[in-house]
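# Structure at a glance
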2 protein chains.
Amino acid sequence: MNSAITISTTEENYLKTIYQISEKAGKTATTNAIAGGLSTSAASVTDMLKRLSEKGLLHYEKYKGVSLTQTGQKLATALIRKHRLWEVFLVEKLRFSWDEVHEIAEQLEHIKSPELIERLDDHLGFPKFDPHGDPIPDAEGNFAFRQQVLLSTLEKGEAGIIVGVQEHSTTFLQYLDRMNLQLGVQLKVLEHFDYDESLSILLNEKKELVLSHKVCQNLFITKSETT
Amino acid sequence: MNSAITISTTEENYLKTIYQISEKAGKTATTNAIAGGLSTSAASVTDMLKRLSEKGLLHYEKYKGVSLTQTGQKLATALIRKHRLWEVFLVEKLRFSWDEVHEIAEQLEHIKSPELIERLDDHLGFPKFDPHGDPIPDAEGNFAFRQQVLLSTLEKGEAGIIVGVQEHSTTFLQYLDRMNLQLGVQLKVLEHFDYDESLSILLNEKKELVLSHKVCQNLFITKSETT
DNA sequence: AAAAATTTTTAGACTAGTCTAAAAACCGCT
DNA sequence: AGCGGTTTTTAGACTAGTCTAAAAATTTTT
Ligand SMILES: [Mn+2]
Ligand SMILES: [Mn+2]
Ligand SMILES: [Mn+2]
Ligand SMILES: [Mn+2]
């Protein structure tokens, strides 16, 4: 039945990058964008696109950009699933902090064993979100949906809970730690400063603090009922 | 300081195989033996030996076989450490059975992160032996020693505890499971049959059973005081 | 000690993945 | 419709790792 295609780690990384680009940039991924995402040359990308197209993992037409096939998408989401489950493992079980796990998960996501990942999922209690608040797709590639907005869109007086980050850089994550802005923290907007679009917020109904616009644009919030 | 040599997964596998061959076969590993251990051609091995020698990981002289340098040995034992710790993880935490873990550990052992492996060790409670009874070297490459003999060397009346297996094949491990011959099981030799060198043993002071010579030559036992 | 058998090395070729430089195609603008 | 700039593809070369076939060295047998 299954024509048992083997897929290399390199190919997997291309698929994942293409998936992530297509996801946010609407539909097709361009050669240059892929090259950027993988820190490789455009020439290498063109080469690989031909090979992946040959294997039926994406639709490729010269100069037209690419989009993943059903099969290609399945492989990409499986990779994201593995990446995020390993991140949960590293944080929950091995006590790594959220800014240390991405690089290790980049390696672990390529371990090949369907049984392993299902058992890991079980071991972790079937988490739906990773340590950065990103949704973990199920084995079929379906992501959980969650109502969320950027903190920068909240009005004065509105309240909510931090549920995720948009940017994943180490410096941002460490900054958040320093400010006690972990996932699950409850906050309320006290004041909006038009001058630089910074916000004054109240953390856990205790600490008051001012956040720059840049920070507010990178924090996902689920609004709570304001009584 | 550290000239930051990078080492590929392929190179790691060569080092591990050479270490394991040198260990049991006395001193130097031959080209053919390495080729056999890695299921590759002798020509490929010669090629790689030159490269690893160039990198200072082993001593190579044409036609004379090879032996690992200090550095090469450190890398090899680090790999064995990782392999065995991951096997413990798979069995203890993810509930795999001992005949399913080797292949997965072959992949996991190549994950590069010193921090990861030390945290894993901690998480597992610093185990000294893996699920097959093989010793887990510490971070310096030192193996724990344990008094052990093959079951086939026990005399009638002698008793002991199963502490390891010599052969690691799936069929052997599954056979042991079927016969309830797990690590830690206590046994006593009831009778020795000269005809085919099989042994009649008493398991956990309860069940009696006859084991072939082949089985007895692949089970490690730590003798207990016979009162 | 020479012949035969075995092991190891060399030579040459192949694949996956990468690069740089140059050519070709595409896009926006006049 | 054509020019200029940007993007993409092609061409050609390089590395790591592999292979087969043949040559060279070593070991075993006679
Ligand atoms: Mn990540
Ligand atoms: Mn994440
Ligand atoms: Mn193993
Ligand atoms: Mn083992």
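Below or above, wherever it landed, is the structure these notes cover. (Residues numbered from 1 in each chain as written. Chains lettered and ligands numbered in written order. Predicted model: local features only at pLDDT ≥ 70, side-chain atom pairs only at ≥ 80, totals over all residues. Heavy atoms only, no water.)

## Focus: the coordination of the manganese ion (ligand 2)
Residue and element names in this part refer to chain A. Threshold: For Na, K and Ca the donor cut-off is 3.2 Å, while for other metals it is 2.8 Å, and in both cases only N, O and S atoms qualify; water is not among them, so sites may look incomplete. What counts as a helix is a DSSP run of H or I of at least four residues, what counts as a strand is a run of E of at least two, and both are numbered from the N terminus. Only protein chains enter the calculation, and the probe is 1.4 Å; a residue is then buried if its accessible area is under 20% of its type maximum, exposed if over 50%, and partly exposed in between.
For the manganese ion (ligand 2), the full set of protein donor atoms is Glu 87 (OE), Asp 130 (OD) and His 132 (ND1), and the range of their distances to it is 2.2 to 2.3 Å. The metal-metal distance between the manganese ion (ligand 2) and the manganese ion (ligand 1) is 3.5 Å, with Glu 87 coordinating both. One end of the pair, Glu 87, is in helix H4 (residues 70-92); the other, Asp 130, is in the loop between helix H6 (114-123) and strand S3 (149-150), and 43 residues separate them in sequence. In this pair, the class of Glu 87 matches that of Asp 130, namely buried.

## A look at the protein's contact with DNA strand D
Threshold: Note on terminology: near, applied to a residue and a molecule or strand, indicates that one of the residue's heavy atoms is within 4 Å of it. Polar contacts here mean pairs of N or O atoms no more than 3.5 Å apart (in protein, one a potential hydrogen donor and the other a potential acceptor; neighbouring residues in sequence count only if both atoms are side-chain atoms). Ten residues, namely Ala, Val, Leu, Ile, Met, Phe, Trp, Tyr, Cys and Pro, are considered nonpolar, four, namely Asp, Glu, Lys and Arg, are considered charged, and the remaining ones, Gly among them, are considered polar.
Taken together, 21 residues sit near DNA strand D, with Lys 50, Tyr 60 and Lys 62 of chain A together with Ser 8 and Arg 51 of chain B positioned nearest. Backbone atoms, meaning sugar and phosphate, form 81% of the atoms of DNA strand D found within 4 Å of the protein. Between DNA strand D and the protein, one listed contact pairs a phosphate oxygen with a backbone N or O atom of Asn 32 of chain A at 2.9 Å. Here Thr 40 of chain B contributes a side-chain N or O atom positioned 2.7 Å from a phosphate oxygen of DNA strand D. Those elements giving two or more residues to the surface near DNA strand D turn out to be helix H2 (31-38) and helix H3 (42-54) of chain A together with helix H1 (9-24) and helix H3 (42-54) of chain B. Sorting elements by how many residues they give to the surface near DNA strand D places H3 of chain B first, with five residues. When the residues that make up the surface near DNA strand D are grouped by side-chain class, the tally is eight nonpolar, nine polar and four charged.

## Observations regarding the sheet that holds S3 of chain A
All names here are of chain A. Operational definition: Whether two strands pair depends on DSSP finding at least two bridges between them. Contacts between residues were defined by any pair of non-hydrogen atoms, one from each residue, lying within 4.5 Å. Angles here are taken between N-to-C directions and fall from 0 to 180 degrees, while the axes themselves are lines fitted to C-alpha atoms, restricted in helices to the stretch in contact.
In space, the six strands of this open sheet follow the order S3-S8-S4-S5-S6-S7, with antiparallel pairing throughout. Strands with a single pairing partner mark the edges of an open sheet, and in this sheet they are S3 and strand S7 (207-211). Of the pairings in the sheet, the one linking strand S4 (residues 159-165) to strand S5 (residues 186-193) comprises three bridges and is antiparallel in character. Within the sheet, the bridge partner assigned to Ala 159 lies in S5 and is Lys 188. Most of the contacts of helix H7 (residues 170-178) go to S4, to which it runs at about 145 degrees, and overall it touches S4, S7 and strand S8 (219-224).

## Focus: the sheet that holds strand S3 (residues 149-150) of chain B
Two modes of strand pairing occur in sheets, parallel and antiparallel, and in both the strands are linked by backbone hydrogen bonds. Residues and elements named next belong to chain B. Read from one edge of the open sheet, six strands run S3-S8-S4-S5-S6-S7, paired in antiparallel fashion. Lying at the two open borders of the sheet, with one neighbouring strand each, are S3 and strand S7 (207-211). With six bridges joining them, strand S4 (residues 159-165) and strand S8 (residues 219-224) adopt antiparallel strand pairing. Along S8, the bridge assignment pairs Val 165 with Leu 219. Packed onto the sheet, helix H7 (residues 170-178) meets S4, S7 and S8 and runs at close to 145 degrees relative to S4.

## Remarks on the relation of the copies chain A and chain B
Applying a rotation about an axis and a shift along it to one chain copy brings it onto the other copy. As a reminder of what qualifies: To superpose the copies, least squares is applied to the C-alpha atoms of every residue with a pLDDT of at least 70 in both.
When chain A is brought onto chain B, the operation consists of a screw motion whose angular component is 180 degrees and whose axial shift is 0.0 Å, with 0.0 Å RMSD remaining. Accordingly, the operation relating the two chain copies is best matched by a two-fold axis. Among all residues of chain A, the one whose C-alpha sits closest to the rotation axis is Leu 108 of chain A, at a distance of 3.8 Å.

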